[in-house]
Amino acid sequence: MHPHNGHRNRLRKRFRAEGLDGFNDHNALELLLFYAIPRQDVNPIAHELISRFGSFANVCDASAEELMKVNGIGESAALFLKLIPSASRYYGVSKLKNERFVSTIEEAGSYLLPRFIGLRNEAVYLMCLDVKGKILDCRMVFEGSVNSAAISIRKIVETALAFNSTSVIIAHNHVSGIALPSKEDEVTTRRLRDALSAVGIKLVDHIIIAEDDYVSMVSDGFFSS
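Residues numbered from 1 in each chain as written. Predicted model: local features only at pLDDT ≥ 70, side-chain atom pairs only at ≥ 80, totals over all residues. Heavy atoms only, no water.

Visitor: What is the right way to read the pattern of salt bridges from this model?
Guide: For side chains of opposite charge, pairing can occur when their charged atoms come near one another. Per the stated rule, a full pass over the model turns up five salt bridges. With its nearest N and O atoms 2.8 Å apart, the salt bridge here joins Glu66 to Lys69. The class for Glu66 is partly exposed, based on a relative accessible area of 31%. Owing to a relative accessible area of 51%, Lys69 belongs among the exposed residues under this scheme. (Salt bridge = Lys/Arg side-chain N within 4 Å of Asp/Glu carboxyl O. Buried < 20%, exposed > 50% of the residue type's maximum accessible area, 1.4 Å probe, protein only.)

Following this line, the structure appears as structure tokens:
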């Protein structure tokens, strides 16, 4: 019998009984690493990961190259840890796949929020709607450095037209963790609103997302200015 089977079985049993809510960061990492590193004591590896990166989330957000600097983390284990935020994002988006109508800011925010889970760069999503609020399409139209001026107005307008949109909602993330519109966001939103209006499409809202929080520029009163 593997010398660590008793500890592994206890941790698995605990998870089955109570989920991850009562786990600390290194225990949660241990449980995951059982499946990536099946024949090694992963407790010291989990402790080293938390010591180096500071939290479970920071471990998952670290690059594979940085993770592999920790003794015991090879390419397969690093890839497994990198899979976690992507799988979380995929799960969140999949749960909402059958949601086909948006009628409130809260519904739009809930629909868009999972698409930004684990993203380390700024990204822009475009939600295309028909006259009844049916979601015609929702896709990433930009990903790159943290600079909303890089949003391609032309690409957004062309995409909205391609889906015969009556209205659209734009969302982008602030990787700084602060979900407040910047002056640059305001300038970009005005330009986008004017460009869409010129082809008969309404910009319903611009939603700023930071981690698990978001701010609607409509709710902030920007669109009344």
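Additional details are given in the paragraphs that follow.
Visitor: Would you mind showing me how to read the nonpolar core here?
Guide: Soluble, globular proteins show a tendency: their nonpolar side chains are buried together. Of all hydrophobic cores here, the largest spans 25 residues; its most connected members are Leu33, Leu49, Leu67, Ile73 and Leu81. Going through the elements one at a time, helix 2 (25–36), helix 3 (43–53), helix 4 (56–61) and helix 6 (75–95) are the ones with two or more residues in this core. Among the elements that take part in this core, helix 2 stands out by supplying six residues, more than any other. Setting aside chain neighbours within four positions, we find Leu33 in contact with Val42, Ile45, Ala46, Leu49, Ile73 and Leu81. Counting residues in each nonpolar core, the second largest holds 17 residues, with Leu96, Val102, Phe116 and Leu119 among its members. (Core = buried A, V, L, I, M, F, W, Y, C linked by side-chain atoms within 4.5 Å. Helix = DSSP H or I, 4+ residues; strand = E, 2+ residues; numbered from the N terminus. Contact = heavy atoms within 4.5 Å.)

Visitor: Is there a simple way to explain the packing of aromatic side chains in this structure?
Guide: When we look at a pair of aromatic rings, we describe it by the centre distance and by the angle of the planes. Under the defined criterion, the tally for this structure stands at one aromatic pair. With centroids separated by 5.2 Å and ring planes inclined at 70°, the aromatic side chains of Phe116 and Tyr125 adopt a geometry described as edge-to-face. Classification of Phe116 by relative accessible area gives buried; the value is 7%. Geometry around Phe23 places Arg14 over its ring, the cationic atom sitting 4.2 Å from the centre. (Phe/Tyr/Trp six-rings, centres within 6.5 Å; stacked < 30°, edge-to-face > 60°. Lys NZ or Arg CZ within 6 Å of the ring centre and 35° of its normal.)

Visitor: How do you make sense of the packing of helix 2 against helix 3 when you look at a structure like this?
Guide: In a pair of packed helices, the angle between the axes and the distance between the axes together describe the arrangement. Helix 3 packs onto helix 2 with a crossing angle of 130° between their chain directions and a minimal axis gap of 9 Å. By the criterion of interaxial angle, the relationship of helix 2 to helix 3 is oblique. For helix 2 against helix 3, the interelement crossing comes out right-handed. Mapping the contact onto sequence places Asp25, His26, Leu29, Glu30 and Leu33 in helix 2 and Asn43, Ile45, Ala46, His47, Leu49 and Ile50 in helix 3. A breakdown of the residues in the contact of helix 2 with helix 3 according to their chemical character gives six nonpolar, three polar and two charged. (Axes fitted to C-alpha atoms, helices over the stretch in contact; angles between N-to-C directions. Parallel < 35°, antiparallel > 145°, perpendicular 65-115°, else oblique. Left-handed = near helix turned anticlockwise from the far one by under 90°. Nonpolar A, V, L, I, M, F, W, Y, C, P; charged D, E, K, R; others polar.)

Visitor: Help me understand the sheet that holds strand 3 (residues 167–173), please; the structure alone is not making it clear to me.
Guide: Ordered in space as 2-1-3-4-5, the five strands form an open sheet in which the pairing is mixed. Since the sheet does not close on itself, it has two edges, and those belong to strand 2 (135–144) and strand 5 (213–216), each with one partner. Ignoring which end each strand starts from, the neighbouring axes of this sheet average 20° apart. Taken together, the seven bridges between strand 3 and strand 4 (residues 202–210) define a ladder with parallel strand orientation. By the bridge assignment for strand 4, His172 is matched with Ile208. Contacts from helix 8 (residues 153–162) reach strand 1 (122–129), strand 2 and strand 3 within the one sheet, and its direction differs from that of strand 1 by about 30°. (Pairing = 2+ DSSP bridges.)

Visitor: In this structure, what is going on with the pairing of strand 5? I would like to understand it.
Guide: A regular strand places its side chains on the two faces of the sheet in alternate fashion. In this structure, strand 4 lies alongside strand 5, joined through four bridges in antiparallel fashion. In the sheet register, Ile208 faces strand 5, and the bridge partner there is Val215. The antiparallel hairpin formed by strand 4 and strand 5 contains two residues in its connecting segment, where Glu211 sits at a positive phi of about 55°.

Visitor: Even after reading the chapter, I still don't get the side chain of Arg8, so can you show me in this structure?
Guide: Residue placement: Arg8 occurs in helix 1 (residues 5–18). Of the side chains with opposite charge, Asp41 lies nearest to the buried Arg8, which makes no salt bridge, at 6.5 Å. Within the local environment of Arg8, its side chain forms a polar contact with the backbone oxygen of Phe34, the two atoms lying 3.2 Å apart. Among the polar contacts made by the side chain of Arg8, one reaches the main-chain carbonyl oxygen of Ile37 at a distance of 3.0 Å. Leaving out residues up to four positions away in the same chain, Arg8 has contacts with Phe34, Ile37, Pro38, Arg39, Gln40 and Val42. (Lys, Arg positive; Asp, Glu negative; His and termini not counted. Polar contact = N/O pair within 3.5 Å; in protein donor to acceptor, adjacent residues only side chain to side chain.)

Visitor: For this particular structure, what's the right way to read the layout of surface pockets?
Guide: The method is simple in principle: a probe with the dimensions of a water molecule rolls over the atoms, and the space it marks as empty is what remains. Each pocket or cavity is described by its volume, and for the largest pocket that value is around 580 Å³. Lining the largest pocket we find 22 residues, and of these Asp61, Phe116, Ile117, Gly118 and Glu211 sit closest to its centre. Residue assignment for the lining of the largest pocket shows that the elements contributing at least two residues are helix 4, helix 6 and strand 4. Across the lining of the largest pocket, the residue classes break down as 13 nonpolar, five polar and four charged. (1 Å grid on protein atoms, 1.4 Å probe; cavity = no way out; pocket = protein on both sides within 12 Å on 5 of 7 lines; lining within 4 Å. Points joined across faces, edges and corners; volume = space filled by probe spheres on them.)

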